[in-house]
Amino acid sequence: MILHVDMDAFFASIEQAINPRLKGKPLIVGSRNSKMHTVVCAASYEAKAAGIDSGMASAEAFKICPGLEFVAAEQGKYIWTSRQIFKLLKGFGFEVLYASIDEFQMDIMGYPDPDSLAKRAQGRIYEEFGITASVGVAKNWLLSKLASKLNKPNGVTVLTSANLEEVLSRFPASKICGVGKNTALLLEGLGVKTCLDLYQKSAQFLEHNLGKYGLNLFISMHSTDSFDSLKGPDEPKSIGHSYTLPRAVSNPQFIRAWLRTLSEMVARRLRQDNWESIAVHLWLNGPEIGNFGAQKTFQQPINDGFEVYKRCLKIMAKLGPQTPLVRAFGVSCSGLSQTAYARPLFKEQKRRGDLLKALDSINSRFGDNSIYPAVITLAQ
Ligand SMILES: [Mg+2]
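Residues numbered from 1 in each chain as written. Predicted model: local features only at pLDDT ≥ 70, side-chain atom pairs only at ≥ 80, totals over all residues.

Focus: the sheet that holds strand β2 (residues 27–30)
Pairing in this open sheet of three strands is mixed, and the strands run β3-β2-β4 from one edge to the other. The strands lining the two open edges of the sheet, one partner per strand, are β3 (40–43) and β4 (69–72). Averaged over all adjacent pairs, the angle separating strand axes in this sheet is 30°, with direction ignored. Its contacts with the sheet put helix α1 (residues 10–18) on β2, β3 and β4, and the angle it makes with β2 is roughly 115°. (Pairing = 2+ DSSP bridges. Helix = DSSP H or I, 4+ residues; strand = E, 2+ residues; numbered from the N terminus. Axes fitted to C-alpha atoms, helices over the stretch in contact; angles between N-to-C directions. Contact = placed C-beta atoms within 7 Å.)

Here it is, written out as structure tokens:
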């Protein structure tokens, strides 16, 4: 059983907790200082009620709500709070994973009263930081993440075998993490409208219509195991590489080049043993951020360095708009499965697969790094 904690309007709530003047007011946190020329990276619930949400241009948000309060994002605060919440949750004695800067997953095994545990976690977080969280509990990570979204803010949703189907029937399939707009449209054409419709489809049906992604979706929806669900007894738990720089840097190009380098190294090792991964873990160390690690699980398994890198950037983006000072990096892939169903769906995928094969054979014949993406030279 997994307990998923998702902080409510995280950045905005932290700002409101620190500055009581902002409490109860519509507030946006902008990615840059200039309040009319930035993007909303978080909106308080009061702002959300007026129709404002993250991703919107701040100028547009002010048009909707002229009395809006504005604060420029300060990622150090959010990272610090995230790490304290992680520690607090660890104090409950279960294994805890970062799902992103404001989401955490706890493997609560067969804990008899998940509802009271969820409320205690919410209570402790509120006591310490004055901010609220929504909690979902279900048999696996995907359903617990879904459950955490069903009763926001400050809600608890426990999905049991008794209520699962009834709850799933009330929400559209697009509520499930990884079901994007296009997939939702495709599913609708097949008569799959609600989360329950999707849940009741067979592995064969989903694989036939959505390819390997569909098969993974099926596994993620129905698995009853803990974090280690995809691993056998002597399979590696994760494959990773890390690197420490002589001194801390904050040049975004340089940092991205290093992330790409590590991603390529990890991906090559995945391909060597026919592994594919659905979870990417990024770890950073620096003078302002200390040790920060965040993990994200995706629907589509990968073993292409460029894809690993893009997922690292997605995790980095969660840390806020500015690139922090970084001294050391680590990239690792987990949630491994053998590439048994490798049937490229599209011409593009086939071409990319052929290219990777060619690069691997050049590198194993002429030595590592005989050929590599040009962007990596920026890291040297
Ligand atoms: Mg959240």
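From this point, things continue past the structure.
Some thoughts on the nonpolar core
Counting residues in each nonpolar core, the largest one holds 90 residues, and the members touching the most others are Leu-3, Phe-11, Ile-28, Ala-42, Phe-104 and Val-266. Take this core: its biggest share by element is nine residues, from helix α12 (residues 252–272). Looking at this core, you find at least three residues from each of domain 1 (103–222) and domain 2 (238–379). Those residues in contact with Val-266 that lie beyond four places of it in its chain are Ile-239, Gly-240, His-241, Val-308, Val-331, Ser-332 and Cys-333. (Core = buried A, V, L, I, M, F, W, Y, C linked by C-beta atoms within 7 Å. Buried ≥ 20, exposed ≤ 12 C-beta atoms within 10 Å, placed from the backbone. Domains from an automatic or database assignment.)

With respect to α1
Most of α1 is tucked away, with seven of its nine residues classed as buried. Restricting attention to buried positions, one finds in α1 the residues Phe-10, Phe-11, Ala-12, Ser-13, Ile-14, Glu-15 and Gln-16. Looking at the packing, one finds that the buried side of α1 touches β1 (2–7), β2, β3, β4 and α4 (75–90).

A word on the pairing of β4
Burial of β4 is one-sided: the residues Glu-69 and Val-71 facing one way are buried, the residues Phe-70 and Ala-72 facing the other way are not. One ladder, built from four bridges, connects β2 with β4; its direction is parallel. Paired with Val-29 across the strands is Val-71, a residue of β4.

Considering the domain arrangement of the protein chain
If you check the domain split of the protein chain, you get domain 1 (103–222) and domain 2 (238–379). The C-alpha-based centres of domain 1 and domain 2 are spaced at 28 Å. Of the residues forming the side of domain 1 that touches domain 2, the biggest block, five residues, is contributed by helix α11 (residues 212–222). In the side of domain 1 that touches domain 2, the residues fall into four nonpolar, three polar and one charged. (Nonpolar A, V, L, I, M, F, W, Y, C, P; charged D, E, K, R; others polar.)

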